[in-house]
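# Summary of structural features
One letter stands for each residue in the lines below.
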Amino acid sequence: MSRAAVLSGLGTYLPPRRISNQEMSERFDTSDEWITSRTGINGRYWADVGTSSGDLAVEAATRALKSAGLSPEEAGVDSLVLATTTPDHPCPATAPDVAARVGLSDVAAFDIAAVCSGFVYALEVASNAVVSGRADSVLVVGAETYSTILDPEDRTTSVIFGDGAGAVLLRAGDSAEPGALLGFDMGADGRQKDLIKIPAGGSRQRSNGVAPEASDSYFTMQGRKVFAAAVQRMTDSSNKLLERIGWSMESVERVVGHQANVRILRAVAEQLGIPTERAVINVDKVGNTSSASIPLALADAVVERNLGVGQRVLLTAFGGGVTWGSAALVWPDVTPV
Ligand code: UT7
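Residues numbered from 1 in each chain as written. Predicted model: local features only at pLDDT ≥ 70, side-chain atom pairs only at ≥ 80, totals over all residues. Heavy atoms only, no water.

Before going further, it helps to examine the UniProt feature "domain: Beta-ketoacyl-[acyl-carrier-protein] synthase III C-terminal" (unreviewed entry) in the protein chain. UniProt's entry tags residues 242-331 with the feature "domain: Beta-ketoacyl-[acyl-carrier-protein] synthase III C-terminal" (unreviewed entry), counted in the numbering of this structure. Span residues 242-331 is 34% helix and 22% strand, its end C-alpha atoms 16 Å apart. (UniProt positions renumbered as here; feature names shortened; annotations may be inferred. Helix = DSSP H or I, 4+ residues; strand = E, 2+ residues; numbered from the N terminus.)

Here you go:
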């Protein structure tokens, strides 16, 4: 037994406005048939005008505390880590505002930018803070409003991404308990930084002193290359992690992968040699919600797919940067809110 971060609450939030594939085909030159056959997505949720990622994060974090049955004071939260690609402002970070609105005073709060791998990155940083003794309780949140960065001229990205938020509460415990985070594998390859990017808005563009084209402020993605890299990196990372912690493939009961595309999720399970029905899929309902996708899929696994106490869960993600990360835990007695 050793000190570990233990998952003790799970909260999720989706904005109320669902956008069906039918509505997408009225806005773009696309069809329900193309979207479902290429991505597996049936619908996604987009935030209403005036709603930010921080607003969604506050809802999910509040629900994670509720799921643990604790008020912010009772939980003794000493850090809030927010993974997001769509912060409320370029400066400052969104996490301090979210922490204050959740009712946490004077706690460490910061953002993590690892695009769709953001939640696993945030989980690793939070877990390390607990294991080192620096923190006893951390809220880890992934929140996105991709609807604010999608190019209205780009049908491919517009049909894929959705808005949403998810959060987990971690507390100090020991590695033998269900819910303990038992290991991570993390990586990045900046040589592929151009596969996913927003060209304008950062110092690279601003230092040129030239006003950007409108389209440069939107999210761009080289879909096919990202697809191939996502399958390879999530598979390799999962293999490395499972080998390190001594779990066999057969013993993994749920693979909760970043919900990018149903074809990617099935390919990763196949390459790992895990039956595809163990790959949790909720991209059909919510689209690709980037750093919110893993907690949203975890909640779906509990509510819709009987993920039960004591079952082995593998989390794995891939995103812009490019970045990737995987984590392992045994599911605890936690009901999502
Ligand atoms: O979250 C980070 C990780 N993200 C991902 O992992 C996303 C990974 N990539 C993918 O999931 C897929 O590459 C996409 C879903 C983005 C695209 O699927 P694809 O099978 O790779 O399609 P494609 O980009 O190669 O495009 C195939 C065709 C093209 O037409 P032509 O050139 O064959 O005539 C596109 O113009 O599909 C066309 N197309 C569309 N047609 C109807 C692209 N988007 C659409 C659309 N509706 N929305």
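Moving on, there is more to tell.
Along the chain, Val286 falls in helix α11 (residues 283-286). By relative accessible area, which is 4% here, Val286 ends up buried. In sequence terms Val286 and Leu296 are 10 residues apart; their C-alpha atoms lie 8.7 Å from each other. (Buried < 20%, exposed > 50% of the residue type's maximum accessible area, 1.4 Å probe, protein only.)

Adjacent strands of a sheet form backbone hydrogen bonds with each other and so pair up, either parallel or antiparallel. Spatially, 4 strands are ordered β8-β13-β12-β11 in an open sheet, and the strand pairing comes out mixed. Both edges of this open sheet fall to β8 (181-188) and β11 (254-257), since each of them pairs with a single strand only. Recorded for the sheet is a direction-independent mean angle of 15° between the axes of neighbouring strands. Across 7 bridges, the pairing between β8 and strand β13 (residues 323-330) is antiparallel. Within β13, the residue paired with Gly187 across the bridge is Trp324. The strands touched by helix α9 (residues 223-245) within the sheet are β8, β12 (312-319) and β13, with β12 carrying the most contacts at an inclination of about 145°. (Pairing = 2+ DSSP bridges. Axes fitted to C-alpha atoms, helices over the stretch in contact; angles between N-to-C directions. Contact = heavy atoms within 4.5 Å.)

The domain boundaries assigned to the protein chain delineate domain 1 (3-174) and domain 2 (181-330). Surface buried jointly by domain 1 and domain 2 totals about 3500 Å² across both partners, of which 68% is contributed by carbon and sulfur atoms. For domain 1, the biggest contributors to the area lost against domain 2 are Cys116, Val120 and Tyr121; these three give 17% of the whole. The tally of links from domain 1 across to domain 2 stands at 0 salt bridges. On inspection of domain 1 and its partner domain 2, the count reaches 18 residue pairs in polar contact (both at pLDDT 80 or more). Of all the secondary structure elements, the ones that give two or more residues to the side of domain 1 that touches domain 2 are β1 (3-13), α2 (32-39), β3 (43-45), α6 (118-131), β6 (137-144), α7 (155-160) and β7 (164-174). If one sorts the elements of the side of domain 1 that touches domain 2 by residue count, α6 sits on top with 7 residues. Split into classes, the residues belonging to the side of domain 1 that touches domain 2 amount to 24 nonpolar, 16 polar and 6 charged. (Domains from an automatic or database assignment. Buried area = accessible area lost by both parts, 1.4 Å probe. Salt bridge = Lys/Arg side-chain N within 4 Å of Asp/Glu carboxyl O. Polar contact = N/O pair within 3.5 Å; in protein donor to acceptor, adjacent residues only side chain to side chain. Nonpolar A, V, L, I, M, F, W, Y, C, P; charged D, E, K, R; others polar.)

On to the side chain of His258. Mapped onto the secondary structure, His258 falls in the loop between β11 and α10 (262-272). On the basis of relative accessible area, His258 is assigned to the buried category, the value being 1%. At a separation of 3.3 Å, a polar atom in the side chain of His258 contacts the side chain of Asn288. Every residue in contact with His258, bar those within four places of it in the chain, is listed here: Cys116, Met234, Leu265, Asn288, Ser290, Ser293, Ile294, Thr316, Ala317 and Phe318.

Burial of β6 is extensive: 8 of the 8 residues sit out of reach of the surface. Burial of the side chains of β6 extends over both faces: Ser137, Leu139, Val141 and Ala143 are buried on one face and Val138, Val140, Gly142 and Glu144 on the other. As paired elements, strand β4 (residues 79-83) and β6 share 5 bridges and run parallel to each other. Note on β6: the bridge partner recorded for Ser79 is Val138. Bridge analysis of β6 against β7 gives 8 bridges, and the strand direction is antiparallel. Directly across from Val141, in β7, lies its bridge partner Ala167.

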